[in-house]
Each structure stands twice: as C-alpha cells, then as structure tokens.
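Working through the structure, step by step
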Amino acid sequence: MSQNDFLHLMPLLILTFAALLIMLVIAAWRNHKIIYVITAISFVAAFLSLFELRAVTEYTIEPLLVIDGFAVFYMGLMLATALLISMLSYAYFEQQKEQKEEYYILLILATLGACVLVISKHFASLFLGLEVLSVALYALISYLRVRERSDEAGIKYLILAAFSSAFLLFGMALVYFSTGTMTFEGIAAAMSGYRELPMLLLAGFGMMIIGIGFKLSVVPFHMWTPDVYEGAPAPVTAFVATVSKGGVLGLLIRFFMEVDGFRYPTLMLIFTIVAIASMFAGNLLALMQQNVKRILAYSSISHLGYLLVAFLAGSQMGVEAVTFYLVAYFITTVGAFGVIAMLSDNSRDAEQMDDFRGLLWRRPWTATAFTAMLLSLAGIPLTAGFVGKFYVLAAGMNTQKWLLVSMLVLNSVIGLYYYIKIIAVMFQQPDTEKEPAVKLRPSIYIASVGTLAVLTLLLVWVGVYPTALVDMIQGMFAEVPALVAR
Amino acid sequence: MILLWMIVLLMAGGVLAWLSKKWHPVLPRWIALFAILTDLILALFLWLGTPTAVTGSSPWLIRLEIPWIPQWGVNFILALDGLSLLMLLLTFFLGALAVLISWREINTKTGFFHFNLLWVLAGITGVFLTMDLFLFYFFWEVMLIPMYFLIGVWGHANRNYAAYKFFLFTQASGLLMLLAILGLYFTHGSQTGMYTFNYFELLETTLDPLAARLLMFGFLAAFLVKLPVVPFHSWLPDAHSEAPTAGSIILAGLLLKTGAYGLLRFVLPLFPDAALEFAPWAMLLGVVGIIYGAILAFSQTDLKRLVAYTSVSHMGFVILGVFAFNTWALQGVVMQMIAHGLSTGALFIIAGFLYERLHTRDIQQMGGFWSKAPKMGVIALIFVMASLGLPGLGNFIAEFLTLVGSWQANNWLTVFATIGLVLATVYSLRIMQKVFYEPAPTDRPLPDLTSREMLISLPMVAMILWLGLYPQPILDTALPSINQQLKAYQELEVEEKKVVLVEVPEAELSIEKSSK
C-alpha cells in the first residue's frame, strides 16, 4: 500500500485505531467519561479527515475499494450520525448498571463496517464490511443483558442476520459463477452483453436482494424490525435505524449504478413490489401499535419504501433525492430515538404511550423537539422531512413512476395518522404528575440536550433552506462517473 | 418587502407570545393583538394608498422576488393585487377579533395558544400572497398544524376526533395538489427547458387536454375539500363545532376562503379549457351544496354545528360563481368571501358568548333571551339577517351578484340556487326563533354583553352594513384582479364570437349570446 492509499483510508484507520486504543485504555483504567471522550474525538477526527478527501475525483485501491465524492459524502453522513448517537448514549448508559465502556468499541466497529460498505467495489470488501457491521450489532443490540427484551432481540437479530448473510453469500457465488468476477465493474462488463438476465444470474441477484433487503428491513424481510427496535437500547436502535441501513443503501446504489440494474424489468419489478409492500405494510402495521419504539420501527420500514421510490427513479436526480431523504431521515430518526433515550431510566426505555402523556406540559422543550421530529417523519413543511419527500416525489414524477408516486402519497396520508397520534398524546393533560424516579445530575444531560437542540435546528434549517444541502450533494456527486453517465 | 414583513411579524409575534408567557400571563394576548393590528394597519395603509382605477395596467401592486432554492427553480415570490389585498384585510380583521374573543375564553396555556393563532394567520397570509407554487404548498401546510393544535388542545369534548378528521382530510387533499404542482412543473420544464415554480411562468404552459384535466383535478381536490364542496364537506361540521370560538372564526372566516382563493387564483387561469369542461358539474355541486347545507343546517340542534352547515350552503354560492366565468359572478364571489367571513364569524362569536354563559351549545335548552339580553339579541338579529341575505347587508350584494352572473352561464342551476335563499331564510329565522324568542325552558339569568364583547361586535356590525350599503370600494379593488383571472376566458370568448360572426346571421348571434 502506498502512502496515498493510507491517506485516502484515513477515516477508516482512525476508527480502527480508536477501537484498539479504547480496548487498551479499558484494560488500564475503566472510566466511562474518558472512553466517551476518546470516542467522540475519534469520530470528529475521522470526520475532519474527510475534508482532505473532499475534492477527490475517484481514487481506487485495487481491487477492493473506491473513494469518490459519493463515498465521501456517505462516510461523512455515517460518521456524523455515529458521533451524534454517541453523544446521546452518554447520559443513557451513565445510569445503567452494566459495564459501559465496551459499548463504544462496538459502536466504532459498527460504524467502521458501514463505512467500508459504502466504499467497497468488490464482493469481498462488501462482505467484510457487512460482517463487521453485523457482528458489532449482535452485541450492541443485546448490550443490556439484564433486560429480557434486549436478549431476545439480540438472538433474533443474530439468527436472522446470519441467515441472510448466508443468502447473500450464495447469491454472490452464483453471480461469480456466471460472470467470473467479483468486482463491480467486472460484473457490469460481463452483464453489458445481456439484454435479459440469464436465469442463474437472476437467481444470484435475487438471493443478494434477500441479504440486502434484510439489512434494509424492507418487506418481506422486515419481521425482525419491531422486536429488535423494541428490545435494543434506544441509542442502539437509532444506530440500527440509521447508520446500518444507510451503509447498505449506499452500497446498493453504487452496485446498481455500476451494473445499471435499471435496464432489467425483472429487477425493477422486484424492487417496485418491495417498495410498495414496504410502504403499505409499514404504515398499516404502525397504525395498530401502542409502543412508540415499535411505531417508529414500522415507520422506518415505510420510509425505506419511500427511499426505494427515489432509488427506482434510477436517474441522477433519484440518487440525489435518496441521499437528501436519507440525511433528513437520519436527522429525524436520531432525534426521535434521542428523545426516547433521554426520557428512559435504568429499568426500561420510555416507549409506552403513557410515558409521553402530557409531555408538552412537563418538559416543553423535549416535547417540542419530539414534535418536530415526528412532523418531519410525516413530511410536514418547515422540516427536513418535507423537502426530502418533495425531492423523492419530484424524482419519481420526473421519470414517470406514476404508480409508485401515487402509492407514496397515499401512504403519507396513512402515516400521518399515527404520527399525529403520538403528538396528540403529548398534548393531553397529564393525569398525574409523574417525574422520573432517579434523576442524574443535570450536567450529564448537557451532551444529550445539546445534541437534540442541534438536531432540531438542523431539521428546521434543512427544511427552510435546503439549498445548501442540495448544493453540497450535487457538488459531491458531480464527479462520480457512474452517476453522471445517467 | 412590506409583504415579507407582514408574515415575519406574525411568525415572530407568535414565538414571542409563546415565550412571553413566562414573564406575564397577559403578555401573549397583547403581543398577539399588537402584531395583528400592526399588520392590519399596514394593509389598510396599502389599500388607501392604492389608486382606485388601475384597470388598464397590470393588476399587481407590489411584487417581491428572492431566490430560495435556485436548483429547483423555487423562488420566494410574494405579490399583491386587489384580491389578495382584500383577503389580507379580512385576515387581519378577523385575526384581531379572534385574539379579543379569546381574552376570557382561553385560560390554559395562553402562550402556546397565541403562538398557534399567529402562525395560522401567518400561513393564511402567505397563501394569499405567494405566487410561487412550491411556496404556496408550503404555506398551505403551515396553516394546518397550528390549526390542528387549536382544535385539538382547546376544543370542546370531542376535539380529538374533530382535529384528526380535519387534519387528514386537508392533508390528503393537499398532497394531491402537490402532485399536480409537480406535474405542472415538469410539463412546463420539459416544454421550455426552464424548471420553475413561478406562477407567472407556469401560466404560459400549454397542456394537452388530458394532462390539463388531471392536473386540474389535483388542484381541485385541495380547494374543494377546503371550501368545502358537498361530498367532501364532512370534516367541516366537526371541526367547526369542536373548535374554540377563535378557531371557528378562523376556520369559517379564513380557512374556507383559501379554498375559494385557490380556485380563483390557480384553477381558473391555469386550466381554462379543462375548467370550462368541468364548469357544469362544478356548478351542479355548488347548487347541491347550497340546498343540502341549508337542509342540514335546519335540522341541527347544536348551535355551532348549525352555523357550520350554513357555511357549507354559503360556500356553494362561491363555487357556483367561480365556474360561471364572468365578471359579475366573480365580483359576487369576492363579496361572498368577505361577507361570509364576517357574518359567519359573527354568528360563531355569538355562539361563543352563549356557550360561555350557558355551557351548552344545544338550542333546545335556549330560549327567551331577547328580553334577558337585548344587546346580544339585536346583534344576533343583524347577523342572522345578513346570513339570510337581507338587502342592505353585505351578503345580499354577494349573493345577488353571484346569481346574476351565474344566470348568464346556466339558467336552470341558478333557479335552484335561488331556492337556497329561501331555505336560508328558514334556517336563519329558526336561530332567532329558538334562541331568542321562544319561551325559556329554564329560568337561568343571562348577563348581557360586556363592553369587551360590544367592542368585538360593533365593528363587525359596522363592516357588514358598510359592505351592504356601499360595496363599491371593494368591487373596485377586486376588479383588475378579477379581469386578470378571467383573461383566458375572455380570449376564448372573443375567438368563439369571431367564428360565430362568420358562420351565422345576426339574429342567431343574439340567441347565442343570451344562452351563454
């Protein structure tokens, strides 16, 4: 590896190094605060190192990795999100009885995995990234071992994720068998001859879609979502909902753009069905839930459906829309789970509707932030979610995906109902004055409160003045050959 | 810039009102009142400063254009013409009354209440001013959330259900409009290569008939639900009757008008051919609304629900007039928007007064108030008369003009619409009869209006009388803008006449004209 390679992989190296460092520090001295600070600093450092790479056009490390504007943007998104999640984690884990320090190693490793995913251009690096992400998540989800739900969720995720990885591997093997290569551009070159996909290759893609679909939790591979969301500690849920999905989505976009999967009606049909089914299943099932974490789980399924609408548009605008929507969705989801994390205590997470009853009158600022997040999920103006949804709709309309677009609109209306339900609960008069039993020192909450404030401001800022973000996305993607070609 | 300031003032006032609750409990009310009155003065100042006869030139008085999201061709365009100006005056007038009426009625969470109130008004102001379709949708939605809270937090017993229903109806129909806006955007973009949401540019778009029809239905969905037109009206009685008085005033007086305004501003000029095709059906819906609303109003026992159904009936005249496509009818529509805003707003206020005193809205339990509360009785009488269209009051002018205009477009439907006036007399007199004249079922004391309440009622009386006796300034202000909306139709008509002139002799031409 040359020095240049090291320079371009700097964010990943920083994360790896940070994980090792924390391990050593824990061996020497267990202290939550120090570990937390190291984590935050390493995320910030990794994020800042991306600025060096901002202007990069396309740098490949043969045969595994490629770093281009698209990769840099997605890595930045992951790192920033991971940083925010770690900020929200501190107060949450401070009150838990478990050993807290290993959590941060796992968080860093999972982020590393997600970052590898978005820069991989080879099946080997793809799988490597996916497994680093997944294995870290197994432990993260069941981190609070004394909670029954957490255990259950961890085991469920372990079994299903391993199962889906097997599918993914088999799919890759089939693709390799029929094309003779594992690099994305090699596959693209081999496929460019085909007008229709041969059966074997289609089977390979189909199995890969199962693996990918599981990670994205789209219907029909969504069964794990509500249980894992409910069982995992709130910050981990935020991570599962954002970074883990974002990494896989970035990979999916890169792969599809490279091989130009939009040419094949069969693949399009599969994704269209998946998108519509995800929107409907997510929204309709969310209507029946009483548990806020489960509602958000189902809502995330439907949001992935919305994202697929823009993805299926297959144009450059579509990719921009996916990315924009993803940013909005990340802000919103991290914010929503951040609120839940902040209201949780050491025995359970604040996930029942009752925990939110009259929140506006008890804790007005928290409730305002949560309301903003929910309105953004519902796609109401003045929030990032609205502009995101608008972008997605525009991308869909632009390529005449009428069916998908009308389904999206229909589902937005269904979705409104359960978001409003939570908001209405927050506005009700509380029956009894209840306060969390044990309150930590206020100084511990500073990180959480600050993060939530930043997220809310970002949400409104992107919602009111999206120009800057759009500019940035368009600028970063302008140099990516696979995107510009479309 | 002054237009931007109007909106900013309301929004900033809202935030300030919310925060100021901490310092003093009465402060939010004064801040809200001050913000709205300042806007009212600004609007009045604009109105008085406008030369009356600007018919020949462009109808636009002020325009403001700031790039907002240039990548998508979204601009922050605010523009004011006579129509918008009248609507703004109405908005601020009713807004100020809404603050005054809540002075005693709303006692919980006043800060948040006034925040919502001012933000609804800001949304409405934005809707009346913006000439960029993206921004229009943006403001269209901005009105909804605070309104939802107004109903959902401070409403009566069944408020949650009503708030949900209101929100889902309007949001669903709004999304259809968003689709139509996007459709128009991409059609225009692919034709000219310039992707923009600018209303003035989009007016130039040529659409094939099918596309025009689909897009028009997208817009209509939003406006007809908001107006509301009969099959889509079911949110209205619930929302109106469960909302607090201030909420009812804003709903009936302003939110419904945004639907009418949308029809005038967007549907008519953007889709002339499709609108002509749809006109008979729209007028039919209007007539059905007039009669159906009137019948249902007659059969209500809940006073606010009764008034809500009269709105359905009155809004029928609006759609009847809009789709008659002539100056008379549109003048009538504009008058109707203003007069209905005042008269129905006043009736809701009276219902609010009664509710405050009796804690019921059931008219079975009322009666004999004429002698107990003569001031209230007189004021109620004036607005009930306005509602039934008594000459000398604003609604008469509105309905008369609308009917004259629609007669030229469709004789039979106009005949049936006129029946609505008779029905209006029946339900309006029933209010007076039940509440004020019949012997009282119980012998509870009923305090008469206080000076604050008189302060609210008297300006409304003055306004409705002025509208009825000397409507000319309003008509003058609205005229250039109305002509602008009708331009496409007048061109069509001229073309048709040319054809007619060539083909048929003079005698038949006059028949042709009269059946138009």
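The residue numbering used here restarts from 1 in each chain and proceeds along that chain's sequence as written. As a convention, the first chain written is A and the first ligand written is 1, with the rest following in written order. Local features in a predicted model are, by the rule used here, given only for residues with pLDDT of at least 70; side-chain atom pairs are given and counted only at 80 or more, and totals for whole chains, interfaces and linings are based on all residues. Calculated side-chain values reflect all of the structure's heavy atoms, with hydrogen atoms and water omitted.

**Looking at the packing of helix α12 (residues 265–287) of chain A against helix α13 (residues 292–313) of chain A**
Residues and elements named next belong to chain A. Our working rule: Where helices are involved, their axes are fitted lines through C-alpha atoms of the stretch in contact, as for all axes, and angles between N-to-C directions lie from 0 to 180°. Runs of E in the DSSP output that reach at least two residues are strands. Runs of H or I that reach at least four are helices, and both are numbered from the N terminus. Small angles under 35 degrees read as roughly parallel and large ones over 145 as roughly antiparallel, with 65 to 115 read as roughly perpendicular and the rest as oblique. Two helices that cross are described as forming a left-handed crossing if the nearer one is turned anticlockwise from the farther one by less than a right angle, and a right-handed crossing if clockwise. Contact between two residues is taken to exist if any of their heavy atoms lie within 4.5 Å; hydrogens are not considered. Three categories are distinguished: nonpolar for Ala, Val, Leu, Ile, Met, Phe, Trp, Tyr, Cys and Pro, charged for Asp, Glu, Lys and Arg, and polar for the others, with Gly belonging to the last.
The contact between α12 and α13 brings their axes to 7 Å, and the two run at 150°. By the angle between their axes, α12 is roughly antiparallel relative to α13. As for the relative orientation of α12 and α13, their crossing is left-handed in sense. Residue-level inspection shows M268, F271, T272, V274, A275, S278, M279, G282, N283, L285 and A286 of α12 in contact with α13, the latter providing I295, Y298, I301, S302, G305, Y306, L308, V309, F311 and L312. Of the residues belonging to the contact of α12 with α13, the class tally is 15 nonpolar, six polar and no charged.

**Thoughts on the layout of surface pockets**
Convention followed: Put plainly, a pocket is an open set of points on a 1 Å grid over the protein atoms alone with protein on both sides within 12 Å along at least five of seven lines, a cavity is a set where a 1.4 Å probe fits but cannot get out, and a lining residue has an atom within 4 Å of a point. Grid points are joined across faces, edges and corners, and a volume is the space filled by probe spheres set on the points.
Taken as a whole, the largest pocket holds about 1,300 Å³ of empty space. For the lining of the largest pocket, the secondary-structure elements that each account for two or more residues are α16 (359–362), α17 (364–378) and α20 (446–464) of chain A together with α1 (2–20), α4 (110–129), α5 (133–142) and α6 (144–154) of chain B. Among the elements that take part in the lining of the largest pocket, α17(A) stands out by supplying eight residues, more than any other.

**A word on the pattern of salt bridges**
Residues and elements named next belong to chain A. We count it as follows: Here, a salt bridge means any side-chain nitrogen of Lys or Arg that lies within 4 Å of a carboxyl oxygen of Asp or Glu. To sort residues, take the accessible area from a 1.4 Å probe on protein chains only and compare it with the maximum for the residue type: under 20% means buried, over 50% means exposed, and anything in between is partly exposed.
Using the criterion set out here, one finds 24 salt bridges over all chains in the structure. Salt-bridge contacts for E152 lead to K156; the nearest nitrogen and oxygen are separated by 3.8 Å. Of this pair, E152 and K156 are both found in helix α7 (residues 148–179), four residues apart, which corresponds to roughly one turn of the helix. Residue classification places E152 among the partly exposed residues on the basis of a relative accessible area of 40%. Linking E230 and R294 is a salt bridge whose minimum nitrogen-to-oxygen distance equals 2.4 Å. Placement of the pair is E230 in helix α10 (residues 224–231) and R294 in helix α13, with a sequence separation of 64 residues. Since its relative accessible area comes to 10%, E230 is described here as buried. Judged by relative accessible area, which is 17%, R294 ranks as buried.

**Remarks on the pairing of strand β1 (residues 58–61) of chain A**
All names here are of chain A. Note the following rule: In this description, strands pair whenever DSSP reports at least two bridges between them.
Burial of β1 is one-sided: the residues Y59 and I61 facing one way are buried, the residues E58 and T60 facing the other way are not. In the sheet, β1 pairs with strand β2 (residues 65–68) via four bridges, with the strands oriented antiparallel. For I61, the partnering residue across the bridge sits in β2 and is L65. Linking β1 to β2, which pair antiparallel, is a turn of three residues.

**Notes on helix α3 (residues 32–52) of chain A**
All names here are of chain A. Put simply, the rule is: In a helix, the anticipated span is given by 1.5 Å times the number of residues less one. Polar contacts here mean pairs of N or O atoms no more than 3.5 Å apart (in protein, one a potential hydrogen donor and the other a potential acceptor; neighbouring residues in sequence count only if both atoms are side-chain atoms).
Taking 1.5 Å as the rise per residue, α3 with 21 residues should run 30 Å; its terminal C-alpha atoms sit 31 Å apart, in good agreement. All of the buried residues in α3 are H32, I35, Y36, I38, T39, A40, S42, F43, A46, S49 and L50. The inward-facing, buried residues of α3 abut α2 (10–28), α4 (69–94), α5 (101–119) and α20. Between the side-chain oxygen at the start of α3 and the backbone nitrogen of K33 there is a gap of 2.8 Å, and the oxygen is on N31.

**Describing the packing of aromatic side chains**
Residues and elements named next belong to chain B. Note the cut-off: Each Phe, Tyr or Trp ring, with Trp reduced to its six-membered ring, pairs with another whose centre is within 6.5 Å; inter-plane angles below 30 degrees give stacked pairs, above 60 give edge-to-face pairs, and intermediate values give tilted ones.
Enumeration according to the criterion identifies 86 aromatic pairs over all chains in this entry. When the centroid spacing of 4.0 Å and the interplanar angle of 5° are considered together, the rings of Y185 and F197 count as stacked. Taken as a pair, Y185 in helix α7 (residues 159–192) and F197 in the loop between α7 and α8 (199–202) lie far apart in primary sequence, twelve residues in all. Neither Y185 nor F197 differs from the other in exposure class; each is buried.

**So, the nonpolar core**
Across soluble globular proteins, nonpolar side chains have a tendency to be buried as a group. Just so we agree on the cut-off: What is meant by a nonpolar core is a set of buried Ala, Val, Leu, Ile, Met, Phe, Trp, Tyr and Cys residues, joined one to another through side-chain atoms within 4.5 Å.
In terms of nonpolar packing, the biggest core is built from 414 residues, with A:Y74, B:F219, B:F223, B:I250 and B:F323 touching the most fellow members. With residues up to four places along the chain from it excluded, the contact list for B:F323 reads B:L220, B:L263, B:V267, B:A275, B:F278, B:A279, B:A282 and B:M283.

**Considering the interface of chain B and chain A**
How we decide: By buried area we mean the combined loss of accessible area, with a 1.4 Å probe, across both parts when two parts are placed together.
On the side of chain A, 39 residues touch chain B, which itself brings 32 residues to the contact. Carbon and sulfur atoms make up 82% of the area that chain B and chain A hide from each other, which totals about 3,300 Å². Taken as a group, B:Q71, B:W72 and B:Y164 account for 19% of the area that chain B buries against chain A, more than any other trio of residues on that side. The interface formed by chain B and chain A contains zero salt bridges. Counting across the chain B and chain A interface gives four residue pairs in polar contact (both at pLDDT 80 or more).

**Concerning empty space enclosed by the protein**
All names here are of chain A. Going through the model one piece at a time under the given rule, you end up with nine cavities of 30 Å³ or more. Estimates place the volume of the largest cavity at around 120 Å³. For the lining of the largest cavity, the secondary-structure elements that each account for two or more residues are α9 (199–216), α11 (234–259) and α12. Here the residues of the lining of the largest cavity sort into eleven nonpolar, no polar and no charged. Put simply, the second largest cavity is a space of about 60 Å³. Every residue lining the second largest cavity is listed: I209, I212, G213, L216, V218, F221, L252, F271, V274 and L308. Mapped onto the lining of the second largest cavity, the elements with two or more residues apiece are α9 and α12. Examining the composition of the lining of the second largest cavity, we find that four residues originate from one element, α9, more than from any other. Residue classes in the lining of the second largest cavity are distributed as nine nonpolar, one polar and no charged.

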